[in-house]
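An overview of the molecular structure
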Amino acid sequence: MVIETTTLGVLALIAIMAVVTLVTRFGGVFIMSFLRISPRVESFINTMASSVLIAIIVPMAVTGDLGALAALVATGVAMLAIRKPLPAITLGLMAAALVRYLN
């Protein structure tokens, strides 16, 4: 399947990605509504979330530029200090923006 990179093609791709995202999100909730959340299932869900996060962060830490490293360090330090994700992410974004602006 080939979709041209015209304005209409790009909008079609965005619409397709939005539908796939919604189907997977709602489908996951629908499927989980039939499962009893046992301690084993809860452990799996928590572990999977950590695994996905690590799979995203480690390659960025190894191959990322100085801005990416600044964001990782700032976010990590902020999470350890204030233990609130949204301010920590904000500080990480600000660190990356500052480093990239100054370079």
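Residues numbered from 1 in each chain as written. Predicted model: local features only at pLDDT ≥ 70, side-chain atom pairs only at ≥ 80, totals over all residues. Heavy atoms only, no water.

1. Topic: the environment of Leu13
- With respect to the element layout, Leu13 can be found in helix H1 (residues 7-32).
- Relative accessible area serves as the criterion here: at 35%, Leu13 is assigned to the partly exposed category. (Helix = DSSP H or I, 4+ residues; strand = E, 2+ residues; numbered from the N terminus. Buried < 20%, exposed > 50% of the residue type's maximum accessible area, 1.4 Å probe, protein only.)

2. As for the confidence of the model for the protein
- When the pLDDT values of the protein are averaged, the result is 90; 100% of them are 70 or greater.
- When the elements of the protein are averaged for pLDDT, helix H2 (residues 39-63) gives the smallest value, 86, and helix H4 (residues 85-102) the largest, 95. (pLDDT = per-residue confidence, 0-100.)

3. Some thoughts on helix H3 (residues 66-82)
- Across its 17 residues, H3 extends 24 Å between first and last C-alpha, which sits within 8% of the 24 Å expected from 1.5 Å per residue.
- Those residues of H3 that are buried are in contact with H2 and H4.
- Phi for Arg83, located one or two positions after H3, is positive at around 55 degrees. (Expected span 1.5 Å × (residues − 1). Contact = heavy atoms within 4.5 Å.)

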